[in-house]
Every structure is written in structure tokens, then in C-alpha cells.
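Chain residues, written in single-letter form:
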Amino acid sequence: MIHLKSAAEIDTIGRAGAILAALYREIPAQVRPGVSTADLDRWAEAFIRSHHGAEPAFKGLYGFPATLCTSVNHEVVHGIPSARRVLKEGDVISVDCGVKLEGFYADAAVTIPIAPIAPDVEKLLERTQVALQRGIEQARPGNRLGDVGAAIQEVADAEKYGVVRELVGHGVGRQPHEEPQVPNFGTRGKGLKLLEGMVLAIEPMFNLGSAGVRTLPDRWTVVTADRRVSAHFEHTVAVTADGPRILTI
């Protein structure tokens, strides 16, 4: 079932999203050679809890053990922070995080480079961000989910990137994952009609190589099948009469 949100509920999600936006403004300074993904996780949890009433959305969710999903290089999503995973120059790290505030959730992700990185990886990050913006632009009443997915897919296809199909965006609100699913591929004019009050987590995941992925034995970390680099960016977006409203900036 799809839950349409009131203006007041969207504002609450926006307050949770503002905490995430602040976290993403600050965390690049923490991402540097010699820092472990566990270090980043401790920092993020303390940052979220420093805001009155805010909680890390992911910690304990479905049994996930951390505040952040930290996915490095060929890891696509759901990487578990570890003291053994130490960052170095040339790495890229997807940092996916959620915040719960006053009973509502917001969700966002960025992929952060540890310069210098390879030119093809730099372009992958840039084009994945462009794809996110193109998808967001389609999140308007009367459009279809296929319009969102097609706008994202067209950016990937132009660069011959692999678009991950097993993992998609989703609704968000009183639960961290709600209907509908929001694929990063599709056909314009097809799929569910978007309605005012929908709140969607739109999150393109592009691979430098093939689209194939697999899950590691930890049952969480999803990696590219060919071990080439992946990029992941995400915003929580409200569908409003005035157009898309990004709630995590």
C-alpha cells in the first residue's frame, strides 16, 4: 500500500533530511587515507544523536549492525563498517545513511572520492549524480515511475555503464522502506502514476562495468560481479504540486 503524506508529514521528513544534509556536508572532511569505515560509523552515529530526538535509522534495521552502510570501490551497497577496512588514496566510498525523527525517516547516499582517483571513476561519479538529478526532475504529479527510471537509465546508457537492477529505490515515510519500488530503469509513460504526497528515495547505482552484482557471505555487502567500481547517490524526494521537493539538502 502506498501512503500519501500530508504537508506536515513531509515537513517532518524534511527535518530528518536536514540532519542528513548536515551530516553529508561534514563527513567529507572525515573521509581520508588512514581512516577506517568503523571510524566513520562512530562519527556519524554521534553526529546524528547530537540532534535532539534523532536516531540512526539503519542501526538494528533488519539486523544491520551499524549507522552507515560504507561500500568501497567495487562494493555497491550495504557494506558493513569495519576497523579492518582502512581507506587509501584512489578509493571511492559510498556512504548511505538514514535518520529517524519524530516517527518519520529520511534516507540519502553519496559516493565520496579519496583523491586522486582514476579519470574514468571520476566521470562515473559525476554522471551518476547527473542521473539522480534527471530522475528527481521527473518526480512530478501525473508522471509515471517509468519516467523517473528512464531518465536515470538514459544517462547510464549513454556512457555504457551497468545499471544495477536487483536493487532499487523505494518509498519512505513512517517506515524506512515503503511502496512503491523505484527502479533505475524503465520506459517513459509506463508504470505507476505519481501522486502529490508520495515521498520517494531515488537512488541510482551505476557500475563502471557490467550490471551484474552478487552478495558476499556476510549476507549484506553487495559487490559488482566483475569487481569494477560502482557509484551510488540518493535523495529523499517529495512529489508536490509545485514539483519535486528534495528533502535531504
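Residues numbered from 1 in each chain as written. Predicted model: local features only at pLDDT ≥ 70, side-chain atom pairs only at ≥ 80, totals over all residues. Heavy atoms only, no water.

## Digging into a nonpolar patch on the surface
Next, step 1: Nonpolar side chains collect at one region of the surface, where I2, L4, L192 and L195 lie side by side and expose about 300 Å² of accessible area between them.
Next, step 2: Considering the arrangement of structural elements, one finds L195 in the loop between β8 (178-182) and β9 (199-202). (Patch = residues over 30% accessible without salt bridge, like charges linked within 9 Å, V, L, I, M, F, W, Y side chains within 5 Å. Areas by Shrake-Rupley, 256 points an atom, 1.4 Å probe, with all protein chains shown as cover. Salt bridge = Lys/Arg side-chain N within 4 Å of Asp/Glu carboxyl O. Helix = DSSP H or I, 4+ residues; strand = E, 2+ residues; numbered from the N terminus.)

## Here we look at the sheet that holds strand β3 (residues 75-77)
Next, step 1: Across the sheet, three strands lie side by side as β3-β12-β11; this open sheet has antiparallel pairing. Both edges of this open sheet fall to β3 and β11 (213-215), since each of them pairs with a single strand only. Mean inter-strand twist for the sheet, computed between neighbouring axes without regard to direction, equals 40°.
Next, step 2: The pairing of β3 with strand β12 (residues 222-224) spans two bridges and is classified as antiparallel. Among the inter-strand pairings, V77 is bridged to a residue of β12, identified as V222. (Pairing = 2+ DSSP bridges. Axes fitted to C-alpha atoms, helices over the stretch in contact; angles between N-to-C directions.)

## A short note on the environment of D107
Next, step 1: With respect to the element layout, D107 can be found in strand β5 (residues 104-113).
Next, step 2: Exposure remark for D107: the relative accessible area of 5% places this residue in the buried category.
Next, step 3: Residues D107 and P119 lie 12 residues apart in sequence; the distance between their C-alpha atoms is 29 Å.
Next, step 4: Sequence-distant contacts of D107, defined by excluding residues within four places in its chain, comprise L20, F58, D96, C97, G98, H170, A201, E234, H235, T236 and T248.
Next, step 5: At a separation of 3.3 Å, a polar atom in the side chain of D107 contacts the side chain of H170. (Buried < 20%, exposed > 50% of the residue type's maximum accessible area, 1.4 Å probe, protein only. Contact = heavy atoms within 4.5 Å. Polar contact = N/O pair within 3.5 Å; in protein donor to acceptor, adjacent residues only side chain to side chain.)

## What about the pairing of β8?
One face of the sheet, then the other: side chains in a regular strand alternate in exactly this way.
Next, step 1: Bridge analysis of strand β7 (residues 169-171) against β8 gives three bridges, and the strand direction is antiparallel. Each bridged residue has a counterpart across the sheet, and for H170 the counterpart in β8 is Q181.
Next, step 2: A loop of six residues connects β7 with β8, the two strands running antiparallel in sequence.

## Section: the packing of helix α1 (residues 7-26) against helix α2 (residues 37-49)
Helix-helix packing is described using two parameters, namely the angle between the two axes and the distance between the axes.
Next, step 1: Packing of α1 against α2 leaves a shortest axis separation of 10 Å and a crossing angle of 140°. What the angle tells us is that α1 and α2 run oblique. Regarding α1 and α2, the two cross each other, and that crossing is right-handed. Contacts between α1 and α2 involve I19, A22, L23 and E26 on the former and, on the latter, W43, A44, F47 and I48.
Next, step 2: Here the residues of the contact of α1 with α2 are counted per class, giving seven nonpolar, no polar and one charged. (Parallel < 35°, antiparallel > 145°, perpendicular 65-115°, else oblique. Left-handed = near helix turned anticlockwise from the far one by under 90°. Nonpolar A, V, L, I, M, F, W, Y, C, P; charged D, E, K, R; others polar.)

## Side note on the sheet that holds strand β6 (residues 162-163)
Next, step 1: Strand order across the open sheet formed by three strands is β6-β10-β13, with antiparallel pairing between neighbours. The open sheet has two free edges, formed respectively by β6 and β13 (230-232), since each of these has just one partner strand.
Next, step 2: Judged from the two bridges that link them, β6 and strand β10 (residues 205-207) form a sheet pairing that is antiparallel. Its bridge partner being in β10, V163 is matched across the sheet by F206.

## Some points on the side chain of T240
Next, step 1: Within the fold, T240 resides in strand β14 (residues 235-240).
Next, step 2: The exposure class assigned to T240 is buried, which follows from its relative accessible area of 16%.

## Comments concerning the side chain of S71
Next, step 1: Within the secondary structure, S71 is located in strand β2 (residues 68-72).
Next, step 2: There is a polar contact of 3.3 Å between the side chain of S71 and the backbone nitrogen of H78.
Next, step 3: In this structure, S71 is in contact with V76, V77, H78, G79, V92, I93 and S94, ignoring residues within four places of it in sequence.

## Considerations on the pattern of salt bridges
Next, step 1: Scanning the entire structure with this criterion turns up 13 salt bridges.
Next, step 2: A salt bridge links D39 to R42, with the nearest nitrogen and oxygen atoms 2.5 Å apart. Linking D39 with R42, this pair stays in helix α2, spanning three residues, or about one helical turn.
Next, step 3: Look at D39 and you get partly exposed, because its relative accessible area is 31%.
Next, step 4: Judged by relative accessible area, which is 52%, R42 ranks as exposed.
Next, step 5: Through salt bridges with shared partners, one network takes in K123, E126, R127 and E159.

## Observations concerning the pairing of strand β15 (residues 243-246)
Next, step 1: Pairing analysis gives four bridges linking β14 to β15, with the strands arranged antiparallel. If you follow V237 over to β15, its bridge partner there is I246.
Next, step 2: Where β14 hands over to β15, the hairpin turn is made up of two residues, counted between the paired strands.

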